[in-house]
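# Structural description and commentary
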Amino acid sequence: MEITWWGAAGFRVKTGKVVFLIDPYLSRNKIARPKQYLKPEEIIEGELIFISHGHFDHLLDVPLIAKNAQSTVYCSVQSSQTLREKGLDKKQIHEVPLDGYVIDFYGNQAQAFFSQHVVFDRKLILKTLMRMNIRLFQLLPLFKEYPVGQVLSWRFKVEGKIVHYFGSGGSPPEEMEKLASQPTDILLIPLQGHGDICNIALEYVHVMQPKIVIPHHQDDFFPPVSASVDITPFIKSVERECSNTEVKVLELNETIIL
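Scope of this entry: the structure provided in the associated data block. (Residues numbered from 1 in each chain as written. Predicted model: local features only at pLDDT ≥ 70, side-chain atom pairs only at ≥ 80, totals over all residues. Heavy atoms only, no water.)

If you trace the seven strands from one edge of the open sheet to the other, you get E7-E8-E9-E10-E11-E12-E13, paired in mixed fashion. Of all the strands in the sheet, just strand E7 (102-105) and strand E13 (246-247) have a single pairing partner and so form its edges. Where strand E12 (residues 212-216) lies against E13, two bridges are found, and the strand directions are parallel. Counterpart to valine 213 in the pairing with E13 is valine 247. (Pairing = 2+ DSSP bridges. Helix = DSSP H or I, 4+ residues; strand = E, 2+ residues; numbered from the N terminus.)

Spelled out as structure tokens, the structure:
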């Protein structure tokens, strides 16, 4: 299995001849760092696309990618509505109707779990507003046109491994404990959206006890909306407190074989 990080919360996963995408977002502005040279119009593969929630940095590029790759998109009801408004054929969209919904594909399996978005804390909101200044009014459409909707986390069974993906880190304790009832080999966890995000992500590792954790969403993908996150405290805490978990930090567009 190949896992490629596309920056923000986006991943490309290849197993055998099958490619599926998770929250594929490649668009950037000129001051984003690191710079993403891949363009959404260049992506012509991805039989399936799995969406965690409807914010622009998860959904904006999906209509174009899905059209070019002839993908089937699995998402919440709200995200389905957004995609249709942005021109994606409804025949390519499959709404997730309930918690625990299972999709079998090409000998693999994906299961959707209802989750929650991280709550932006006051300190982070103030810092973001100060960075945005008058540009807030220019960027408001990005927030209005891409509502979060029901958040989904995704559990994939691929090549005998369990990969669990979170697109946002707002899971309450009861959700994480339920998911921890099954073993997790690889945890894909976001580090963005809260001033204490390193400790929030660490709690996921404590509870779910994955063999490998791959952090994502720590990049400055669309400043001034975003900012780079120093994930060193998270890495050191996992190494110190979760000795059975290995942290693998990917560079932009890096592929890891697991």
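Once the structure has been displayed, the description carries forward.
Let's shift gears to the pairing of strand E8 (residues 108-115). Here E8 lies mainly inside the structure; seven of its eight residues are buried. Across four bridges, E7 lies against E8 in antiparallel orientation. Pairing of isoleucine 103 across the sheet is with alanine 110, part of E8. Connecting E7 to the antiparallel partner E8 that follows it, the hairpin turn spans two residues, and tyrosine 106 within it adopts a positive phi of roughly 50 degrees. Bridge count for E8 against strand E9 (residues 151-158) is seven bridges, and the pairing is antiparallel. Each bridged residue has a counterpart across the sheet, and for serine 115 the counterpart in E9 is valine 151. (Buried < 20%, exposed > 50% of the residue type's maximum accessible area, 1.4 Å probe, protein only.)

A surface patch of nonpolar side chains, about 350 Å² in accessible area, is lined by Phe120, Ile125, Leu126 and Leu129. Among the structural elements, isoleucine 125 can be located in helix H4 (residues 122-132). (Patch = residues over 30% accessible without salt bridge, like charges linked within 9 Å, V, L, I, M, F, W, Y side chains within 5 Å. Areas by Shrake-Rupley, 256 points an atom, 1.4 Å probe, with all protein chains shown as cover. Salt bridge = Lys/Arg side-chain N within 4 Å of Asp/Glu carboxyl O.)

Another point: the packing of aromatic side chains. One pass over the structure, following the stated rule, counts 14 aromatic pairs. Grouping aromatic residues by their ring pairs yields a cluster made of Phe20, Phe50, Tyr74, Phe105, Trp154 and Phe156. (Phe/Tyr/Trp six-rings, centres within 6.5 Å; stacked < 30°, edge-to-face > 60°.)

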